[in-house]
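Here are the chains, one letter per residue:
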Amino acid sequence: MQVTVNRVLHMNATSTLLLAAVPAFILLSIVEYVDHRRDRDATHTFSKRSVRDYVGNWATYLINTAAKALTQYILPFSTIVVASALTPLHLSAKHWWVWVACLVVTDFCYYWAHRGDHRIRLLWAAHSVHHSSNYFNLSTNLRLPWFHPVSYTLRSLAWLPAALLGFPVWMILLLNTAGLLFQIPFHTQRIDKLWAPWEFIFNSPSHHRVHHGSNQPYIDKNYGGVFIIWDRIFGSYAEETEPVRYGLLHDVETQNPIKYNYVETVNMLRDTARAQTWRGRLGYLFGPPGYAEKNKSDDELITA
């Protein structure tokens, strides 16, 4: 009964947060557009292709919203509910420090989930959708993968430590949602670097532009959600020092939401099917993007 109540509370709170964010998101998008049109030095113009990109982002978001209930909440986070029920630790939301601690812990979990998105190909097959655009503006927030239940379930395991520490499930999910909303304004080229102490501790538009870069030294950097300090600690931080090239190393070259949602999944499954060994098959699923099975003929040349 308590688990059911917690789920209802979380869904209501999350819905309220998302509903409140919609007007702000639309307003910020208009401001971004007007500011871009007034900037004569802007490097990107609102061409027909970029408009199709913008429309594709919205289409992806709407389809994602329809499939989200089953594939992103009920199935994946059931593991967190089980962990919360089994742990002997139970922290009360009545204490302010529990909220602060939960924010830090959930963001720490988000860092490792996000890092896994880039370093485990099964997760990258879903997350690459968000990185597939050659443009970078507030509508990029909407370019989210949909119906990747296996990836979502595997990814949700990153929040098990938070549940085992005794934080309420609804609080974990609520603060994780708040962390995602916190990142919405970071998807823009119109905001320069912020106050230096903020940039040192927290995520920012500059840090997130680096994260979306497909040119060195930006690849696989700046995974942090709320706090960028995790990247500084674990060696995945990069400063914005040169123009960012947005998109993937190998561009998908399509504005069709269905195609760019599943092109990497198709490539992953094709590589797995062609693998000659079980080690190779597992490598193509759980290894990093770019993993290649070692050819048997290469071993023969080395030993010859």
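The structure under discussion appears in the preceding block.
Residues numbered from 1 in each chain as written. Predicted model: local features only at pLDDT ≥ 70, side-chain atom pairs only at ≥ 80, totals over all residues. Heavy atoms only, no water.

Q: Would you take a moment to explain unusual backbone geometry for this structure?
A: The bulk of non-glycine residues show a negative phi, and the bulk of peptide bonds are trans. Looking along the chain, the bond that leaves Gln216 and enters Pro217 is cis, with omega of 10°. One non-glycine residue, Asp220, adopts positive backbone phi at about 60°. The residue Asp220 is located in the loop between helix H10 (205-211) and helix H11 (229-233) in this model. Accessibility expressed as a relative area gives 23% for Asp220, which makes it partly exposed. If you check the backbone angles, Asn222 has positive phi at about 55° while not being a glycine. Relative to the helices and strands, Asn222 is located in the loop between H10 and H11. With relative accessibility at 1%, the residue Asn222 sits in the buried group. (Helix = DSSP H or I, 4+ residues; strand = E, 2+ residues; numbered from the N terminus. Buried < 20%, exposed > 50% of the residue type's maximum accessible area, 1.4 Å probe, protein only.)

Q: Just to check I follow, could you spell out the pattern of salt bridges for this structure?
A: Here the structure, examined in full by the defined rule, presents seven salt bridges. Across the salt bridge formed by Glu264 and Arg121, the nearest N and O atoms sit 2.9 Å from each other. Taken together, the positions of Glu264 in helix H12 (residues 257-274) and Arg121 in helix H5 (residues 121-127) put the pair 143 residues apart, joining distant regions of the chain. Residue Glu264 shares its accessibility class with Arg121, and that shared class is buried. Among the salt bridges present, the one from Glu240 reaches Arg209, with a minimum N-O distance of 2.9 Å. In this pair, Glu240 sits in the loop between H11 and H12 while Arg209 sits in helix H10, placing the two residues 31 residues apart along the sequence. Arg209 gets classed as buried once you look at its relative accessible area, which sits at 5%. One continuous salt-bridge network, built from bridges that share partners, spans Arg121, Glu264 and Asp271. (Salt bridge = Lys/Arg side-chain N within 4 Å of Asp/Glu carboxyl O.)

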